[in-house]
Amino acid sequence: MDIHLLARSSSGNPYTVSFKLEGGVLTIGCECRAAEFGLACKHRLALAAGDPRMLYDPAQKEELEMAASWAESSALVALLDKVEDAERTVQAAKRVVKGVKRQMGRAMTTGLEIRESGGQ
Ligand SMILES: [Zn+2]
């Protein structure tokens, strides 16, 4: 079974995003350049998530819901969870860096002890 959805693009010419369900396996293709390079392009991600804002033709809403329900019951969900976990790790690391930099700024202003081996 195939569903072909038209995705909005920055150029104004829509891309066709194809959802193919065959033998219990879902493939999602897109005509854009990012997908050509094997990336999870924004068109495939948004339509797999069921985001109607990515639809070029609002009349395709029912087909979008069907395609999104396929994606929702696929292994894509576990991969999206992995991305979310990694993004949380990145955010936590950024908070640590920010905190240490603030601490460094204060220490440079208030004074930094010279270690025994350093200085004169
Ligand atoms: Zn794309």
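Residues numbered from 1 in each chain as written. Predicted model: local features only at pLDDT ≥ 70, side-chain atom pairs only at ≥ 80, totals over all residues.

Digging into the overall build of the protein
Then comes step 1: Scanning the protein from N- to C-terminus turns up 4 helices and 3 strands.
Then comes step 2: For the protein, the C-alpha radius of gyration of 24 Å lies well beyond 14 Å, the compact-globule estimate for 120 residues.
Then comes step 3: Considering only C-alpha atoms, the protein reaches an extent of 75 × 35 × 25 Å along its principal axes.
Then comes step 4: When each of the 120 residues of the protein is scored for burial, the buried share is 16%. (Helix = DSSP H or I, 4+ residues; strand = E, 2+ residues; numbered from the N terminus. Rg over C-alpha atoms; globule rule 2.2 N^0.38 Å. Buried ≥ 20, exposed ≤ 12 C-beta atoms within 10 Å, placed from the backbone.)

Observations concerning the nonpolar core
Then comes step 1: One finds L5, A7, V17, C30, L47, L64 and A67 to be the most contacted residues of the largest nonpolar core, which totals 17 residues.
Then comes step 2: Those elements that provide at least two residues to this core are β1 (2–7), β2 (15–22), β3 (25–30), α2 (42–48) and α3 (61–72). (Core = buried A, V, L, I, M, F, W, Y, C linked by C-beta atoms within 7 Å.)

A few points about the sheet that holds β2
Then comes step 1: On the basis of which strands lie adjacent, the open sheet formed by 3 strands has the order β1-β2-β3 and antiparallel pairing. Each having just a single partner strand, β1 and β3 make up the two edges of the open sheet. Averaged over neighbouring strand pairs, the angle between their axes works out to 15 degrees when direction is ignored.
Then comes step 2: Bridge analysis of β1 against β2 gives 6 bridges, and the strand direction is antiparallel. Its bridge partner lying in β2, H4 is registered against S18.
Then comes step 3: Across the face of the sheet, α3 comes into contact with β1, β2 and β3 while running at roughly 115 degrees to β1. (Pairing = 2+ DSSP bridges. Axes fitted to C-alpha atoms, helices over the stretch in contact; angles between N-to-C directions. Contact = placed C-beta atoms within 7 Å.)

Let's talk about the domain arrangement of the protein
Then comes step 1: Split into domains, the protein comes out as domain 1 (2–74) and domain 2 (79–110).
Then comes step 2: Just the C-alpha atoms count here: the centres of domain 1 and domain 2 sit 34 Å apart. (Domains from an automatic or database assignment.)

With respect to the environment of L5
Then comes step 1: Along the polypeptide, L5 turns up in strand β1.
Then comes step 2: For L5, a count of 26 C-beta atoms within 10 Å corresponds to the buried category.
Then comes step 3: Placed 58 residues apart in sequence, L5 and E63 show a C-alpha to C-alpha distance of 7.6 Å.
Then comes step 4: Apart from residues lying up to four places away in sequence, L5 is in contact with V17, L47, L55, Q60, E63, L64 and A67.

Side note on helix α4 (residues 76–110)
Then comes step 1: In this model α4 runs 51 Å from its N-terminal to its C-terminal C-alpha over 35 residues, within 8% of the 51 Å that 1.5 Å per residue would give.
Then comes step 2: Across the 35 residues of α4, 0 count as buried, placing the element largely on the outside.
Then comes step 3: Positioned one or two residues after α4, G111 has a phi angle of 125 degrees, which is positive. (Expected span 1.5 Å × (residues − 1).)

Brief notes about the pairing of β3
Then comes step 1: When β2 meets β3, the two strands line up antiparallel, connected through 6 bridges. The residue of β3 that forms the bridge with S18 is G29.
Then comes step 2: Adjacent in sequence and paired antiparallel, β2 and β3 are bridged by 2 residues, among which G23 carries a positive phi angle near 55 degrees.

Points about the environment of A59
Then comes step 1: Mapped onto the elements of the fold, A59 is located in the loop between α2 and α3.
Then comes step 2: Each C-alpha atom, one on A59 and one on R8, is 13 Å from the other, the two residues being 51 residues apart in sequence.

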